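# What the coordinates show
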Amino acid sequence: MSDKFDAIIIGAGVIGAGTAYELAKLGYKTLSVDKLPQAGYGSTSGSCAIIRTYYSTADSCALAYEGWHHWKDWTGYLGNKVNDTDLIEYHNTGCLVAKTELNNHLQKACSAMDAIGCPYEHVNAQEMKTYLPGADARRFFPAKTIDDAAFGEPTGGDIDGAVFFPCGGYVDDPMRSAQNVQTAAEVHGATFKFNTSVTKIVVDNARVAGVELSDGTVVNAPVVINVGGPHSSGINKMAGVSHNMSMSTRALRHEVAHVDSPESFDSVKRIVTSDSDIQVYTRPSSATGKGFLIGSEDPACDDREWVDDPDNYNLEFTPQWKTLVMRLAQRIPDLGIPDTAKGVVALYDVTEDWMPIYDKSDLPGFFMACGTSGNQYKNAPVAGKIMASLVKAADAGQDHDKEPVQFMLEHINYNLSLDAYSRNRKINEESSFSVIG
Ligand SMILES: Cc1cc2nc3c(=O)[nH]c(=O)nc-3n(C[C@H](O)[C@H](O)[C@H](O)COP(=O)(O)OP(=O)(O)OC[C@H]3O[C@@H](n4cnc5c(N)ncnc54)[C@H](O)[C@@H]3O)c2cc1C
């Protein structure tokens, strides 16, 4: 391995691999370093890999809709360079999202969809049953913990229907998606090094000069990018850039429950759901298409399990698991509650407003794509392009802090001003302050 590169990317998750791919396409000689054995082995492998377009802000909806185009044409995104047998499958099932007070009956999301030309249709509470056989349409909001005597008690009336977003679905194997992107990046000359940690950020003459690795080697590069997922805050500290940032990142532990779906679901088209009345989201399990993956929408009643050391946290299921299943059982009364917990325990990398940071830093040459807050898998292909555009602009002498880089979402013809993802932005009060973003 050469000891000099144009850019070093710390992390080979789906966003790290995407960043390497885009820089390699631009002709940068890149080195991706990951402490784990394969691309996508970190939090990417635990992802539910749901692709959806509804968010709380117009920019986030636009970014996600642009991202959807890449999943829909995965081989095209990869430049047709990966063997068919190795490719992930993207299932475009569509997403059904309940209208609630919490999401303002999706009025803002629907206006954003109108502005970006993303289709959707309104569904009333009765029609929801064609997607969710036997669904109980009553309201249960607010979500409660299962030791609350009022858990499962309806709170008055039916929910106000839902919106169906046909552009959405899920990826069957998120880890493999990162590996697909690694392969595509390697076609353009990118180098990947696994089982190796970055232990130090090397600074020379007040700018980044490379990294030191766990095997003691120093690798030089004028650009280093932190795409360390839940390790991002430690890497920013290593680079000495955190104290100059308004936003910060923090690892948050989450469980996802995998359960069988009732037989009545065998004959219906399976979809992704987001139900902020019971505050869980679901997607079909990829193995059979019959089960559910159930994730939390972060209700206020739940304790947040912040993790200081992302290499050392509880990997066992806790009562959080059963809570997720029981919350879904309010809407789907036929859902069984299994005795044995199955699913995923993993970490989000969360910012104060649950929106990502795609930015440079105060250390020239040091960049970050982090704070992905449990909701940026879907945006990985675009995030890679965004990071490459930030690096390219800095190389051309543009100071992104003073003159924000403008990024064109080419499939939907939408101009995104990248200061929206600045490390120094004000907290975005339009956010849901949850995984919804
Ligand atoms: C349970 C769960 C469910 C989710 N569901 C969804 C969803 O449905 N839809 C959605 O859009 N998003 C979802 N997300 C979020 C999404 O998965 C993440 O935003 C995305 O995978 C982050 O990718 P990444 O490349 O930034 O980070 P990661 O995949 O975490 O990769 C970071 C890599 O950096 C490496 N690393 C860290 N420190 C070092 C170091 N010092 N030296 C070398 N390597 C290092 C790690 O080993 C790791 O491989 C979910 C996340 C979780 C945890």
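Our subject is the structure that appears above.
Residues numbered from 1 in each chain as written. Predicted model: local features only at pLDDT ≥ 70, side-chain atom pairs only at ≥ 80, totals over all residues. Heavy atoms only, no water.

The subject of this paragraph is the site of the ligand. The immediate surroundings of the ligand are formed by 37 residues, with D34, S43, T44, T372 and K378 found nearest. Residue D34 places a side-chain N or O atom 2.6 Å away from an oxygen atom belonging to the ligand. With respect to the ligand, the side chain of S43 contributes an N or O atom lying 2.6 Å from an oxygen atom. Burial of the ligand by the protein chains amounts to 97% of its free accessible area of 1,000 Å². Within the residue set of the shell around the ligand, elements represented by two or more residues are α1 (14-25), α2 (43-46) and β19 (343-350). (Near = heavy atom within 4 Å. Polar contact = N/O pair within 3.5 Å; in protein donor to acceptor, adjacent residues only side chain to side chain. Areas by Shrake-Rupley, 256 points an atom, 1.4 Å probe, with all protein chains shown as cover. Helix = DSSP H or I, 4+ residues; strand = E, 2+ residues; numbered from the N terminus.)

This next bit is on the packing of aromatic side chains. A complete count under the given rule lists 13 aromatic pairs for this structure. For the ring pair Y21 and Y77, a centre distance of 5.4 Å and an interplane angle of 90° mean the geometry is edge-to-face. Placement of the pair is Y21 in helix α1 and Y77 in helix α4 (residues 74-77), with a sequence separation of 56 residues. Assessed through its relative accessible area of 1%, Y21 is described here as buried. The class for Y77 is buried, based on a relative accessible area of 6%. Against the face of Y54 rests R52, its NZ or CZ located 5.1 Å from the ring centre. Here the guanidinium or amino end of R270 rests over the ring plane of F292, the centre of that ring lying 4.7 Å away. (Phe/Tyr/Trp six-rings, centres within 6.5 Å; stacked < 30°, edge-to-face > 60°. Buried < 20%, exposed > 50% of the residue type's maximum accessible area, 1.4 Å probe, protein only. Lys NZ or Arg CZ within 6 Å of the ring centre and 35° of its normal.)

By themselves, these observations are geometric and do not establish any function.
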